[in-house]
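Commentary on secondary and tertiary structure
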Amino acid sequence: MSKRIIVMLIALTLLFSVGVSANTITLNVLEVMTSPERTALLWDLIAKYEELNPHININLISPPYEQSDQKATLMLNTNQALDVVEIRDYTVKQFVNNKKLTDLTPYFNEWAGADTLSPVAMASATIVDETPYLVPQAIFIKALYVRTDILAEHGITKMPETMEELVEISAAITDPAKNQFGFAWRGRGATMKFSDLFAAVYVKDLADAEYIYSEDEKFFLDPGFKEGMELYVKLYKEGTPPDGVNWGFNEQINGFVSGTTPFLIQDPDAIPLIDSLLGPDKYEVIPLPVGPHGFTVIDYGFTGMGIPSYSNHKEEAWDFIQWISSVEQNGYFNEHWGPLPVHSTTFELNEHFQGRHYEAYSYEMANPDVFLLKTYPLASEKWPGWGMIHETDMQSLLLNRMDLDTMLQKWDKYWTK
Amino acid sequence: MRQRSGRYFFLIMIPALVLLALFIYYPIIEGTLIGFQRYTLFDMSNTPFIGFDNFRAIFSDINFSFAQILLNTLVWVAVSLLFQFVLGFVLALLMQKPFRGRGIYSSLVFYPWALSGFAIGLVWAWIFNGQFGLANDVLLRLGLASSPIGFLSDPRYAMISVIIANIWYGIPFFAIMLLAALQSVPSQLMEAGKIDGAGPVRRLFSITIPYIKPTIVSTLLLRTMWIMNFPDIIYAMTGGGPANSTNILAMQMINKILKFYDYGQGSAFGIVIMVLLFTYAVVFLRLTSDKEETV
């Protein structure tokens, strides 16, 4: 009996696979910014696409987030079957170096969607060698999240417009005895994206620089950089829970939602999370405070899709990418995931992005003279290790194991060619 | 007949040997080679052999002092092992005698061993959270602390905190292994001891421990290796911080690969761990077997 069933199953499988391979093409798609919600969202979009294109069968591969970039690198370097790969700001240069990505210029030239890409999305697409190796799917930039209800309890209604004001208000409301602090510190993971905000806005020359710092041009020994760092240290000592040294993303969100730290600097993907934990009415998102020179620095992050250079189904892969990158699908995707959509027109067409929590982000992108878009030298070989070094040094600084001058000298030396 | 069965055993071992060669020996050799190559994710098309450069780099790293990482590793292994063993032994002795609900009790006790280290790390990270954590809440309510303690953000407490999590995790292993060994101690021996007038403590040290010594030796050896290669809890709780205070060799190996994308230096750390553990195993086995002869 059971033997018969097995034979039947095998026969069925064979029949089915023959049928499938005769008529349909399977596209292997690898995502890297995996989360259960986002994976479900992607399957949702894939189902729509498959319905429109019955001859395409999409196989979505979703490695756990912690090891996904490694997985992508390994799959690409060993030429494993892959037709669409998600590429991040952190990995794009490395993939190009290893000659694993298709130059999408011919596709871009034909693609109507390219015209409506926002400037920051266009910059993301062409970040390596000014060549489009990817179609961006989502943009991350930072803004200031404020628990207006908590601030009101302390009689504060004026929102901080400068970094100095942010630090002053944080220090003013801090009262450890009542477990009240000001700022949701970031002590673990991508710590430079927070300290550099404070330091960079004090460096006047940074307005004209390509990167926040790089081997070619760096500002660690600029008196302004030190001033900004001193302000940031002051924020820690006077307006942050001491435990902040060990805070990552989850702790930051927890501090904000619990009201312990009513100021938080985050990317827009925090919005759906905070909405679900706190509700949309108890907080506001406002543009980042500026520095003494009237500008603030925004480093942008992105994720996008590209085609491996060795894919056998490039045309089909492109068709899927251009479909999922359309104003409508990309708007839907980001509306439910959280980051900013890549088309300027989405902000006019999609109601969700007209909501008040997104105003600050639209405002920042519309005023590039004040909100200077800068990136990090992601192409530098010194970049990957920098995060760990920065994190450890910042902890040493805040725990009084290293002084500021020594640290800045050390950083300057690290970024010297 | 005996010869034939010898050949037969060799034959049936071949599949296992092939699997071992494929999944253990080959990766070890390959991984060792990478330790002598410039091998970064950044540029995988260019991976020349560079002699001992990776080792020189990790020994003289100004950002992550090798001496401190080594010292951290020693503390992490020694303290975790000592308490896991002692508490696990006590637990095994307690559970040796039958009592009502022993089955349920023992499965509850052994539960931590079934969890993933990373998940345990996440749970303990919240317990020891310096702002919202359970440990702080209890201490504050009992009046044992006047302000929240930064268990994971203060270098003075960080190592102790991760070790406590590790002890909690590792006790069941010793309890299981030692309980099994204890049950093999013949009751006649105990009876004889009793008749000769030996008290419980004397019986423990003169009968029980010598009898289960092989189990003790092998579990201690195994656990030393596992603890040294077990950065999961640290990875989830502190990532090696703050300011390097919980960074152990295995943690730094992972950081070199996941954060620095430097497989060469990561493998160099792996080789250092391998050499240390091998040396330890040889010394440990020699010491413990010498003692056996004098007994």
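Residues numbered from 1 in each chain as written. Chains lettered and ligands numbered in written order. Predicted model: local features only at pLDDT ≥ 70, side-chain atom pairs only at ≥ 80, totals over all residues.

1. A look at the overall build of chain B
A count of helical and extended segments in chain B gives 13 helices and 0 strands. Its C-alpha atoms give chain B principal-axis dimensions of about 75 × 75 × 35 Å. A buried classification covers 33% of the 295 residues belonging to chain B. Here the contacts in chain B between residues at least 6 apart in sequence split such that 67% fall between residues at least 24 apart. (Helix = DSSP H or I, 4+ residues; strand = E, 2+ residues; numbered from the N terminus. Buried ≥ 20, exposed ≤ 12 C-beta atoms within 10 Å, placed from the backbone. Contact = placed C-beta atoms within 7 Å.)

2. Considerations on the overall build of chain A
Scanning chain A for helices and strands turns up 18 helices and 10 strands. Its C-alpha atoms give chain A a radius of gyration of 24 Å, within 12% of the compact-globule value 22 Å for 417 residues. Over its C-alpha atoms, taken along the principal directions, chain A stretches across nearly 75 × 50 × 45 Å. Buried positions account for 46% of the 417 residues belonging to chain A. The long-range fraction of contacts in chain A, counting pairs at least 24 apart against all pairs at least 6 apart in sequence, stands at 76%. (Rg over C-alpha atoms; globule rule 2.2 N^0.38 Å.)

3. With respect to the sheet that holds strand E9 (residues 301–306) of chain A
All names here are of chain A. Strand order across the open sheet formed by 5 strands is E2-E1-E3-E9-E4, with mixed pairing between neighbours. If you trace the sheet from one side to the other, it starts and ends with strand E2 (56–61) and strand E4 (135–140), each paired once. The sheet shows a mean angle of 20 degrees between the axes of neighbouring strands, taken without regard to direction. Pairing analysis gives 2 bridges linking strand E1 (residues 25–30) to strand E3 (residues 84–88), with the strands arranged parallel. Residue Leu-30 lies in a different strand from E3, and its bridge partner there is Val-85. (Pairing = 2+ DSSP bridges. Axes fitted to C-alpha atoms, helices over the stretch in contact; angles between N-to-C directions.)

4. Section: the confidence of the model for chain B
Residues and elements named next belong to chain B. On average, residues of chain B score 91 in pLDDT, and 97% of them reach the 70 mark or higher. Considering each helix and strand of chain B separately, the mean pLDDT is smallest for helix H4 (residues 102–110), with a value of 85, and largest for helix H2 (residues 53–59), with 96. Both scores are given for the predicted complex: the pTM is 0.85, the ipTM 0.84. (pLDDT = per-residue confidence, 0-100.)

5. Focus on the interface of chain B and chain A
At the interface, 26 residues of chain B touch 30 residues of chain A. In terms of residue class, the side of chain B that touches chain A is built from 11 nonpolar, 13 polar and 2 charged. (Nonpolar A, V, L, I, M, F, W, Y, C, P; charged D, E, K, R; others polar.)

6. Things to note about the pairing of E2 of chain A
All names here are of chain A. Sheet topology places E1 next to E2; 6 bridges connect them, and they run parallel. Each residue of the ladder has a partner; that of Leu-27, found in E2, is Ile-58. With helix H2 (residues 36–52) bridging E1 and the parallel E2, this β-α-β connection has right-handed handedness. (Right-handed = clockwise from strand over helix to strand, strands pointing away.)

7. What to know about the environment of His-352 of chain A
In this structure, His-352 of chain A sits in the loop between helix H15 (346–349) and helix H16 (356–366). A tally of 16 C-beta atoms within 10 Å means that His-352 of chain A is categorised as partly exposed.

8. As for the sheet that holds strand E7 (residues 284–286) of chain A
Residues and elements named next belong to chain A. Pairing in this open sheet of 3 strands is antiparallel, and the strands run E6-E5-E7 from one edge to the other. The open sheet has two edge strands, strand E6 (263–266) and E7, and neither has a second partner. Neighbour-to-neighbour, the strand axes of this sheet turn through a mean angle of 30 degrees, independent of strand direction. Bridge count for strand E5 (residues 143–146) against E7 is 3 bridges, and the pairing is antiparallel. When the bridges of E7 are listed, Val-146 appears paired with Glu-284.

9. Describing the pairing of E6 of chain A
Residue and element names in this part refer to chain A. Of the two faces of E6, both are covered, the one formed by Phe-263 and Ile-265 as well as the one formed by Leu-264 and Gln-266. With 4 bridges joining them, E5 and E6 adopt antiparallel strand pairing. Within E6, the residue paired with Ala-143 across the bridge is Gln-266.

10. Some words on the environment of Phe-249 of chain A
Along the chain, the position of Phe-249 of chain A falls in helix H11 (residues 249–258). Each C-alpha atom, one on Phe-249 of chain A and one on Glu-66 of chain A, is 14 Å from the other, the two residues being 183 residues apart in sequence.

11. Things to note about the nonpolar core
Residue and element names in this part refer to chain A. In this structure, Val-84, Ile-139, Tyr-145, Ala-200, Phe-225 and Ile-321 are the most contacted members of the largest nonpolar core, which totals 104 residues. Residues lining this core come from more than one domain, with at least three contributed by each of domain 1 (22–139 + 302–349) and domain 2 (143–299 + 361–414). Look past the residues within four positions of Tyr-145 in its chain and what remains in contact with it is Phe-256, Leu-264, Gln-266, Ala-270, Tyr-283 and Val-285. (Core = buried A, V, L, I, M, F, W, Y, C linked by C-beta atoms within 7 Å. Domains from an automatic or database assignment.)

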